[in-house]
Amino acid sequence: MPAYDALAALPLTIESYELEGRERSMPSFDRLTTTFHLRGAGQEGLGEDVTYDPDQQRSQQAAGPVLPLAGAWTLDGFSRHLDGLDLFHGEEPSMPAFREYRRWAVESAAADLALRQAGMSLAEALGRTPEPITFVVSLRLGEPPSLEPVRRRLAAYPWLRFKLDSAPSWDDAFVAALAETGAVDSIDFKGAYKGTIVDVPTDPALYRRCAEGFPEAWLEDPDLADPEAAAALEPFRDRITWDAPIHGVADIEALPFLPRTINVKPSRIGSWRELLRTYEWCAERDIVSYGGGQSELGVGRGQIQYLASIFHPHAANDIAPSGYDWADFPERGLPPSPLPPDLEATGFRRRS
């Protein structure tokens, strides 16, 4: 039975909803998110909109709870209702993927509410056993690049592992110094991003330098449309993985080759229907899923950790607890990896 069938028929009663804004300064940008609070039958469900455009977060919060979400639904019926709604109120998202980001906020809140109304947890509904969650910390190292963000975190938390955004300014000496830490699990080339603030120019020499300098690391989102870049990584294709292009099964099928592992990011997929289908499709082909974060500030972080605990607990999950990626990160008191599941008894939330 497809996993989605276990959720699709859950009754869902929505009487009202509210929006809650959050904001925090990150190392390279100011982050705004919006939490959806769906309420009904004496319960509350939460989900977090991780759209990166701060103006579109502010305009959503200013508009308030104007979407027609109230009613008696099944979870699948509510999801299909969302198919016909404009969650951006006539405003064009500054990136097409933001439609999925906001959709996931509403879908995750709806599942949290439906499960609480049914008196069961997501793990129970799907028949999966939660396990401790391995995580890595995602960082950019600035321009000019600096080892300081890695070293400072390792001084406080010596067991940390990292996923690092590379840059053409990483020369041989810098790569070698990073490799000496022994703490790099993944390099993100950001080559699959086009027309965004996080674009990184395609640099075949950088690709080769990182693949050779970090011989055990995953190599995420290279720009293989560039012939020289593709040639540089050909000997290392068993370590290539993908994030930005993946919005579901069709995007994995369209890759140049099937990878050994793939970043299954719920907010990039948008719906429970396609998310659970993607997990199953990968498992059937022995493709290991791992989780990726979106600089969540609220409940969304715990929800992607929840999914990791039941679908891919032992992968290099880019879902470190909030705080590790802050500019003013706490130098003590953050939880170590592996992270206990610590799931609430009902719904789709972690306790911490």
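Anything mentioned here points back to the structure above.
Participant: Where do I start with the layout of surface pockets in this structure?
Facilitator: Where empty space is left in the structure can be found by rolling a water-sized probe over the atoms. The volume enclosed by the second largest pocket comes to roughly 320 Å³. Around the second largest pocket, the lining comprises 17 residues; the ones closest to its centre are Gly298, Arg301, Gly302, Ser322 and Ser352. Within the residue set of the lining of the second largest pocket, elements represented by two or more residues are strand 2 (16-25) and helix 13 (299-311). The element best represented in the lining of the second largest pocket is helix 13, accounting for four residues. In the lining of the second largest pocket, the residues fall into six nonpolar, five polar and six charged.

Participant: Looking at this structure, how should I read the packing of aromatic side chains?
Facilitator: Aromatic rings in a pair are described by how distant their centres are and how their planes are angled relative to each other. Here the structure, examined in full by the defined rule, presents 17 aromatic pairs. Seen from their ring centres, Phe98 and Tyr101 are 5.4 Å apart, and the 50° between their planes marks the pair as tilted. With Phe98 and Tyr101 both in helix 4 (residues 98-118) and three residues apart, this pair spans about one turn of that helix. Comparing Phe98 with Tyr101, the two get one shared label, buried.

Participant: Honestly, the sheet that holds strand 9 (residues 218-220) in this entry has me stumped. Any pointers?
Facilitator: The strands that make up a sheet are held in pairs by hydrogen bonds between backbone atoms, and each pair lies either parallel or antiparallel. Strand order in the open sheet formed by five strands is 6-7-8-9-10, with parallel pairing between adjacent strands. Looking along the sheet, the strands with just one partner apiece sit at the ends: strand 6 (137-140) and strand 10 (240-241). Bridge count for strand 8 (residues 184-188) against strand 9 is three bridges, and the pairing is parallel. Each bridged residue has a counterpart across the sheet, and for Ile187 the counterpart in strand 9 is Leu219.

Participant: I tried to follow the pattern of salt bridges on my own but got confused; where do I start?
Facilitator: If charged atoms from side chains of opposite charge come close, those side chains can pair. Enumeration according to the criterion identifies 33 salt bridges in this entry. Between Glu284 and Arg285 there is a salt bridge, with the nearest N and O atoms lying 3.3 Å from each other. Look at the salt bridges and you will find they share partners, linking Arg140, Lys163, Asp165, Asp188, Lys190, Glu220 and Asp318 into a network.

Participant: Looking at this model, I keep getting lost on the environment of Pro11. Mind explaining?
Facilitator: Mapped onto the fold, Pro11 is located in strand 1 (residues 11-14). On the basis of relative accessibility, which here comes to 55%, the residue Pro11 falls in the exposed class. In the structure, Pro11 is positioned 144 residues away from Ala155 in sequence and 49 Å away in space, judged by C-alpha atoms. Each residue touching Pro11, except ones within four places of it in the same chain, is listed here: Trp73, Thr74, Ala114 and Gln117.

Analysis parameters
- Residues numbered from 1 in each chain as written.
- Predicted model: local features only at pLDDT ≥ 70, side-chain atom pairs only at ≥ 80, totals over all residues.
- Heavy atoms only, no water.
- 1 Å grid on protein atoms, 1.4 Å probe; cavity = no way out; pocket = protein on both sides within 12 Å on 5 of 7 lines; lining within 4 Å.
- Points joined across faces, edges and corners; volume = space filled by probe spheres on them.
- Helix = DSSP H or I, 4+ residues; strand = E, 2+ residues; numbered from the N terminus.
- Nonpolar A, V, L, I, M, F, W, Y, C, P; charged D, E, K, R; others polar.
- Phe/Tyr/Trp six-rings, centres within 6.5 Å; stacked < 30°, edge-to-face > 60°.
- Buried < 20%, exposed > 50% of the residue type's maximum accessible area, 1.4 Å probe, protein only.
- Pairing = 2+ DSSP bridges.
- Salt bridge = Lys/Arg side-chain N within 4 Å of Asp/Glu carboxyl O.
- Contact = heavy atoms within 4.5 Å.

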